[in-house]
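What the coordinates show
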Amino acid sequence: MLAWIAKMTTYSGGTEYVMSAFANAMEQRGHTVSIVYCNHQDGKPFYPVGHTVHLRNLMTGLLKERFVRNGGFLTGPQKIVREVLRLFGNVGQLQWTEQCKGNFLKEAICRTVTEEQPDVLVFFWPDTACYFKKYAHIVTPAVTMFHMEPETLFCRAVLAERKAVEECAYAQVLLPSDAEDIKKYCPNAKVAVIPNAVREPAAAVYREKDRYRILSVGRIDRKAKQTHKIIRAFAETAEKFPEWELDIWGSCLDRRYAAELYDIVRRSGLSDRIHFCGTSDHILSVYTKGDLFVTASPSEGFGLTLAEAMSAGLPAVGFRDAHGIRSLIRDGEDGLLCGSSVHALAEAMSRLMADGGTRQRMGSAGRQKMKRYRPDKVWDMWEKLLVQIKTDTRL
C-alpha cells in the first residue's frame, strides 16, 4: 500500500509521478498495489496507473461532508486555538494542526488498512507516517520515503513525525549523503538508499540550427522552483544570443505569480521567445527537442526532471547550493553549477549557449551517467527491500 495524505488527483508534480510509477512497476511485477490519498475533490491521477491498482480516497461520505462544512480539517474552535498558538511561535500551531488532522483521519485510515490488508506500507511523506502510526496506531511494517533532503524537511517537522519515522522498518532516502541527515534527527531509524528511477528518452540531436531551445521543466513556483530567475537570466542573455528561445513546461497554481511572470516576459520584450507550454503527457519527447536544461531550484531531494533531461543528453545548469542538484551535475563534466543569483545563472547559461561542442560533450557524459538510475535497477532495489521487510515480519 502506497500512502500519501495529499491531493493525489489534483497535481502533476514529481511526487505524484513517482507514486504512479511505483504503483505501476510493482503491479507489473505481480504485486497487489493500492494507493491511499486524501482529496475532497473527485478526479483521476494526472499520471495514469494500472487498471488493477486500487485507488482509495480517504475523503468520502461523511468525512467529506465534515471537511466541506468545516472548510478544512479543523473546526471553527480548533482554528481559533491554532491562531492563538501561532502567537507563541510556529511549532505549537504545527503540532496542534497535525493532531487535529490526525484525529480527523484516523478512523478512515484504520478502515482502509483493514479492508486492503497490506503486507507493507510505503509512506510518501513523514507526516503521512505520523497519521498512520501515531493517530491511527497502524502496526503494519512500513517505509517512509524522503523526496526532499531530510535536513530541509526536519527543519519544519514536528517531533511526532520523527518518532513515526523511527517506528517504521526503514526510512528511504535518495542519496547516500541524506542517510547522515536522517541519523541526526532519527538516530534509531534504519536507512535504505534508493534513488529515483530515471526514464531514458531518445537522445537529443546535436546539429546546427536556426533556433535553439532552453528547457525548464517542472512545477512553476515562486519559492520551490524560482521560475522567475530563469526568465530574468534568459533576458540577460537574449540580446547576445538572438537565435535562442526559452520553453517553460509545467503548471502554476498561483495565479498572482503566473501574472507576475507574464508581466516580466512582456516588459522584457521577449514574448515571441519565451513560451509557457503547460503540461504534457509526453514530456520525454520534449527533452529530445531541447539544447540546454536549466533549473533554479534552491533545494531538491533528487531533481527528477533534471535527471531525465540529462538522460536525454542535455547539458544542465543549476545552483551549487542546491543539494540534490549538485549531487547530479558534476561541474564542468556534464553541466555547470553556479551561484544562486540571476546574473550567475545568466553567465553559466551563456557559456553553454556559446559553445555547441561543449554542450555535446557534457550532454553525452550526462546521458551515460544517468544509466545508473535505470528504472529496472531502481525497482529491483525497491522490490528487494519490500520482500525483505515482509520476510522479517514473519520471522
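Okay, so let's go over this structure. Here, residues in each chain are numbered from 1, in the same order as that chain's written sequence. Reporting in this predicted model follows two pLDDT cut-offs: at least 70 for local features of residues, and 80 or more for side-chain atom pairs to be given and counted; totals over whole chains, interfaces and linings ignore these cut-offs and use all residues. Water and hydrogen atoms play no part in the side-chain values, which are based on all heavy atoms of the structure.

By definition, two strands form a pair when at least two bridges between them are found by DSSP. Secondary structure is summarised from DSSP: a helix means a run of H or I of at least four residues, a strand means a run of E of at least two, and numbering begins at the N terminus for each. Read across the open sheet, the six strands follow the order 10-9-8-11-12-13; overall the sheet is parallel. In the strand order of this sheet, the two ends are held by strand 10 (274-278) and strand 13 (335-338), each with one partner. Adjacent strand axes in the sheet meet at a mean angle of 25 degrees, parallel and antiparallel pairs treated alike. Here strand 12 (residues 316-319) pairs with strand 13 via four bridges, running parallel. Each residue of the ladder has a partner; that of Gly 318, found in strand 13, is Leu 337. Working rule for contacts: check all heavy atoms of both residues, and any pair within 4.5 Å makes them a contact. A fitted line through C-alpha atoms serves as each axis, taken over the contacting stretch for helices, and the angle formed by two N-to-C directions is quoted from 0 to 180°. Strands strand 8 (212-217), strand 9 (244-249), strand 10, strand 11 (292-294) and strand 12 of the sheet are contacted by helix 9 (residues 227-238), whose axis makes an angle of about 170 degrees with strand 9. Across the sheet, helix 12 (residues 304-311) is in contact with strand 8, strand 11 and strand 12; its angle to strand 11 comes to roughly 170 degrees.

A word on the environment of Phe 276. Take Phe 276: it is sitting in strand 10. According to the relative accessible area criterion, Phe 276 is partly exposed, its value standing at 24%. Between the C-alpha atom of Phe 276 and that of Leu 246, which follows or precedes it by 30 residues, the distance is 8.7 Å. Contact partners of Phe 276, with chain neighbours within four places excluded, come to Ile 220, Ile 231, Ile 248, Leu 261, Tyr 262 and Val 265. Each residue's exposure class comes from its accessible area (1.4 Å probe, protein chains only) as a fraction of the maximum for that residue type: buried when under 20%, exposed when over 50%, partly exposed otherwise.

Let us now look at a nonpolar patch on the surface. Residues forming no salt bridge and having over 30% relative accessible area are the ones grouped into patches, like charges within 9 Å of each other and nonpolar side chains (Val, Leu, Ile, Met, Phe, Trp, Tyr) within 5 Å. Each accessible area value is a Shrake-Rupley result obtained with a 1.4 Å probe; residue values ignore everything except the protein chains displayed when judging cover. Salt bridges, as used here, are contacts in which a Lys or Arg side-chain nitrogen is within 4 Å of a carboxyl oxygen on Asp or Glu. A cluster of nonpolar residues, Ile 80, Val 84, Leu 87 and Phe 88, forms a patch on the protein surface that exposes about 510 Å² of accessible area. The exposure class of Ile 80 is exposed, given its relative accessible area of 57%.

With that settled, the discussion passes to the nonpolar core. In plain words, nonpolar cores are sets of buried Ala, Val, Leu, Ile, Met, Phe, Trp, Tyr and Cys residues tied together by side-chain atoms within 4.5 Å. Core analysis: the biggest nonpolar cluster contains 105 residues, and Phe 22, Leu 345 and Trp 382 have the highest contact counts within it. Not counting residues up to four positions away in its chain, the partners in contact with Trp 382 are Phe 22, Met 26, Val 122, Val 143, Met 145, Gln 172 and Ile 194. Within the second largest apolar cluster, 31 residues are counted, among which are Ala 3, Leu 63, Phe 73 and Ala 136.

Structurally, the α-helix is built with 3.6 residues per turn, so residues lying three or four positions apart point the same way. Here helix 9 is twelve residues long and its end C-alpha atoms lie 17 Å apart, about the 16 Å a rise of 1.5 Å per residue gives. With nine of twelve residues buried, helix 9 is to be regarded as a mostly interior element. Restricting attention to buried positions, one finds in helix 9 the residues Thr 227, His 228, Lys 229, Ile 230, Ile 231, Ala 233, Phe 234, Thr 237 and Ala 238. Here, expected helix span is obtained from the residue count minus one, scaled by 1.5 Å.

This paragraph deals with unusual backbone geometry. In this structure, Gln 117 is a non-glycine residue whose phi angle is positive, near 50 degrees. Among the structural elements, Gln 117 can be located in the loop between helix 4 (90-116) and strand 4 (121-123). The exposed category is assigned to Gln 117, whose relative accessible area is 59%. We note that Gln 226 has phi near 50 degrees; this positive angle belongs to a residue other than glycine. Position of Gln 226 among the secondary structure elements: in the loop between strand 8 and helix 9.

A word on the sheet that holds strand 7 (residues 191-193). Spatial ordering of the open sheet is given by 3-2-1-4-5-6-7, a layout of seven strands whose pairing is parallel. Both edges of this open sheet fall to strand 3 (54-57) and strand 7, since each of them pairs with a single strand only. Where strand 2 (residues 34-37) lies against strand 3, four bridges are found, and the strand directions are parallel. Among the inter-strand pairings, Tyr 37 is bridged to a residue of strand 3, identified as Asn 57. Sheet strands touched by helix 5 (residues 126-135): strand 1 (2-3), strand 2, strand 4 and strand 5 (142-145). Its angle to strand 4, the strand with the most contacts, is close to 135 degrees.

Glancing now at the packing of helix 9 against helix 10 (residues 255-268). At a minimum axis separation of 10 Å, helix 9 and helix 10 run at an interaxial angle of 0 degrees. One element, helix 9, and the other, helix 10, form an angle in the roughly parallel class. Taken together, the residues of helix 10 that come into contact with helix 9 (itself represented by Thr 227, His 228, Ile 231, Arg 232 and Ala 235) are Tyr 257, Leu 261, Ile 264, Val 265 and Ser 268. Here the angle decides the label: under 35 degrees means roughly parallel, over 145 means roughly antiparallel, 65 to 115 means roughly perpendicular, and every other value means oblique.

Next up on the list: the pairing of strand 5. Alternating residues of strand 5 divide into Ala 142 and Thr 144 and Val 143 and Met 145, and every residue in both groups is buried. Across three bridges, the pairing between strand 4 and strand 5 is parallel. Residue Leu 121 lies in a different strand from strand 5, and its bridge partner there is Ala 142. Traced from strand 4 through helix 5 to strand 5, the parallel crossover comes out right-handed. As judged from the three bridges shared by strand 5 and strand 6 (residues 170-173), these two strands associate in the parallel manner. Pairing of Val 143 across the sheet is with Tyr 170, part of strand 6. The crossover handedness rule: strands pointing away from the viewer, path from first strand over the helix to second strand clockwise, crossover right-handed.

With that out of the way, let us pick up the packing of aromatic side chains. To pair, rings of Phe, Tyr and Trp, with the six-membered ring standing in for Trp, must have centres within 6.5 Å; the planes then decide the type, stacked if under 30 degrees apart, edge-to-face if over 60, and tilted in the middle. One pass over the structure, following the stated rule, counts 14 aromatic pairs. On the numbers, 6.4 Å between centres and 35 degrees between planes, the contact of Trp 4 with Trp 125 is tilted. Of this pair, Trp 4 sits in the loop between strand 1 and helix 1 (14-28) while Trp 125 sits in the loop between strand 4 and helix 5, placing them 121 residues apart in sequence. Take Trp 4 and Trp 125: they sit in the same class, and that class is buried.

That is the geometry; function is a separate question.
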